[in-house]
Structures are given as structure tokens and as C-alpha cells.
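Residue strings, one per chain:
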Amino acid sequence: MRARDTIPTARTASLCQKSFKEVLIILLNGKYVSAVTEGRGENLLFLHGYLSCKESFYYQIKYFSRYFKVTAPDFLGFGKSSPIDRPFSVGDYSKWLSLFVKKCGLENAHIVAHSFGARVAFKYLSERETDSKLVITGGAGLVKERSQRYIRRVKAYRRVKKLFPKFAERHFGSEEYRSLPPLMKESYKLIVNEDLRSCVSKIKNKTLLIYGKDDVVTPADEEGRIFSSLLENGRLEVIDGGHFCFSEHPDEFNGKVFNFLTEK
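Worth saying up front: this structure is predicted, and the values here are computed from it rather than measured.

Enquirer: For the overall build of the protein, give the residues involved together with the corresponding values.
Expert: Across its full length, the protein carries 12 helices and eight strands. Counting the 264 residues in the protein, one finds 53% classified as buried. Counting only contacts in the protein whose residues sit at least 6 apart along the sequence, the fraction spanning at least 24 positions is 73%. Element-wise, carbon and sulfur atoms account for 50% of the exposed surface of the protein, whose accessible area totals about 12,600 Å².

Enquirer: Give a description of the packing of helix 3 (residues 90–104) against helix 4 (residues 116–126) that names residues and reports values.
Expert: Between helix 3 and helix 4, the least distance of the axes is 9 Å, while the angle of their chain directions is 75 degrees. Judged by the inter-axis angle, helix 3 sits roughly perpendicular to helix 4. Where helix 3 approaches helix 4, its residues V90, G91, Y93, S94, L97, S98 and V101 are matched on the opposing element by F116, R119, V120, K123 and Y124. Of the residues that constitute the contact of helix 3 with helix 4, the class distribution is seven nonpolar, three polar and two charged.

Enquirer: Go over a nonpolar patch on the surface, please, and point to the residues and values.
Expert: Together, V23, I25, L27 and Y32 line one region of the surface with nonpolar side chains, adding up to about 380 Å² of accessible area. Top element by residues in the nonpolar patch is strand 1 (residues 23–28). It accounts for three residues. For V23, the position within the fold is in strand 1.

Enquirer: Help me get a handle on the packing of aromatic side chains, residues and values and all.
Expert: By the definition in use, this model includes 22 aromatic pairs. Ring centres of Y50 and F116 lie 5.4 Å apart, and the angle between their planes is 85 degrees; this geometry places the pair in the edge-to-face category. Remark: F116 occurs in helix 4 and Y50 occurs in the loop between strand 3 (43–47) and helix 2 (58–64); sequence separation between them is 66 residues. Accessibility classification places Y50 together with F116 in one group, the buried group.

Enquirer: Please provide a residue-by-residue account of the pattern of salt bridges, values included.
Expert: Inspection of every chain in the model, using the stated rule, returns 13 salt bridges. Notably, a salt bridge pairs R86 with D92, separated by 3.3 Å at the nearest N-O pair. Given the relative accessible area of 39%, R86 is considered partly exposed. Residue D92 is classed as buried on the basis of its relative accessible area, which comes to 17%. A salt bridge links E263 to R235, with the nearest nitrogen and oxygen atoms 3.3 Å apart. With a gap of 28 residues between them, E263 in the segment after helix 12 (250–262) and R235 in strand 8 (residues 234–239) connect regions that are remote in the sequence.

Enquirer: Give a detailed account of the environment of K144, specifying residues and quantitative values.
Expert: On the secondary structure map, K144 appears in the loop between strand 6 (134–137) and helix 5 (148–163). Taking the relative accessible area as the measure of exposure, K144 reaches 25% and is therefore partly exposed. Through-space distance from the C-alpha of K144 to that of E222 is 9.7 Å; in sequence the pair is 78 residues apart.

Enquirer: Go over the nonpolar core with me, naming the residues and quoting the values.
Expert: One finds L45, Y93 and I111 to be the most contacted residues of the largest nonpolar core, which totals 48 residues. In this view, Y93 contacts F75, L76, F78, I84, F88, F116, V120, S187 and I191; residues no more than four positions away in its chain are not counted. I61, F246, F253 and L261 belong to the second-largest nonpolar core, a separate cluster that totals 21 residues.

What counts, and where the lines are drawn
Residues numbered from 1 in each chain as written. Predicted model: local features only at pLDDT ≥ 70, side-chain atom pairs only at ≥ 80, totals over all residues. Heavy atoms only, no water. Helix = DSSP H or I, 4+ residues; strand = E, 2+ residues; numbered from the N terminus. Buried < 20%, exposed > 50% of the residue type's maximum accessible area, 1.4 Å probe, protein only. Contact = heavy atoms within 4.5 Å. Areas by Shrake-Rupley, 256 points an atom, 1.4 Å probe, with all protein chains shown as cover. Axes fitted to C-alpha atoms, helices over the stretch in contact; angles between N-to-C directions. Parallel < 35°, antiparallel > 145°, perpendicular 65-115°, else oblique. Nonpolar A, V, L, I, M, F, W, Y, C, P; charged D, E, K, R; others polar. Patch = residues over 30% accessible without salt bridge, like charges linked within 9 Å, V, L, I, M, F, W, Y side chains within 5 Å. Salt bridge = Lys/Arg side-chain N within 4 Å of Asp/Glu carboxyl O. Phe/Tyr/Trp six-rings, centres within 6.5 Å; stacked < 30°, edge-to-face > 60°. Core = buried A, V, L, I, M, F, W, Y, C linked by side-chain atoms within 4.5 Å.

Honestly, it's all geometry; don't read function into it.
Laid out in C-alpha cells, this is it:
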């Protein structure tokens, strides 16, 4: 994940201002979880991206709730859910998801996951076998080879931080990273520095990967191609749009996902 590019687009950020008629507030291990649930039928679970929220799937929730029972939570630390009280890794979020799934009776839910949400879904499904289907869009989870420029910048940051810590925090790192409070910064580092290839290779679920052709955060010919090759039952499709192609082109995205979820 190229951190500097993962801040939601203006269009997606505006979706996070939308509201739903029924929002559940669930108490889970002493933390409040805000979640939307709409519709009837098979369970369909949506997992949002980093610095995003459940409302980013507004067009998907409204569409798929006509055919499925849709559930979309805010991860801890995001949206209207409680903040984290310690740095969370991908594994911690996976354990949290397991508790949420059990609490809501979603053990066999199909999953649609975006970006960071895909990281959590990969970890979660690598540790269990279900008959559910998985949809990944703009999925992250690779730690790529660092460029020399990146390595030099990290070394410079560490030197400056020893002498001028406040200056270092304001001037180094991505815009996304600098916007985070201290605890979230530690969590962020745990998340983006874990490579999930070994987890992806364990997943047996039928998986559809949908990437935007203009996605420069998780390019289709990098993350999309690699994850597709690792998945036993995965296929890759590329559509118009960028990292948030599901909200930029919802009709095309929803149609592909609906066909995938309903095919035998």
C-alpha cells in the first residue's frame, strides 16, 4: 500500500457524511461498534478501508440490501466506533472481526472488502474454512521492495527525530500518516509493514478481485495480479476508476459482484 495515496477521494469522503435509518451500536469487549444492517437473505459483510467508514459503501449497501442481509461495521478507531486503546495490528483487527462476526451470527457471510479491509479479510479467512465468497476491491497487503530514495528518507527521519521530534512528525511521512494521532501511527506502522502473501495463499474461498484501471495505490498489475496468482479460486477483473472504483462506478461494480455472488 502506497500510504500517501490512501486518503479517501472527495467523493468517497462525502459518502461518509451520509447516514442510514438504522445504525446498530454494539458493545463488544467494552468497546462500542457502529454498524449498519439492512435487508434480508444471505448475509453479506462489508469491510471498509483505512481512514474510511462503513458509509463509503453507501451505493453497495443500498443496492445489495435488496437481495441480501447487509452488515457494514466501522472498524475500531474509525467512523463512529470506539477508538483503539493500544496499537492494533492486522492480526488484532482479525481477532476483533471474529468476535464481531460471532456476536452478529455472520459466520458464513460473504465478504466484500476494500483496501485495508482486504488485509483484515485475508488474515481472517486464512485462519478458517467457510463456504462463503470473497470480493476484494483495491486490496492491499504487499510489502514491496523499498526504493533507495525511500530508504534515505527513513534514515533522515530517524536522525532528525532524535534532535527535533516535533519537526520530524510534521514534515516526514505521508499526509495520511501525519494526520493520525500517536496511537494510530503505531498501529499504522504495524499494519502496512506486514506482508500477507502467505495468508492469501491459504484461502480456499471463491474470490473475485476488482481493481480500478487507474488505481495507483494498489495497481491491478501489482497487487491484483499477485493476489490472483496466489488464490486457489481467485479471478481478477479490472474496471474503470481508481482506488475507490466501487464508489466511482457503482453500477458496473455492483453488477459484477451480484453476478459473482449468485452464480453457482
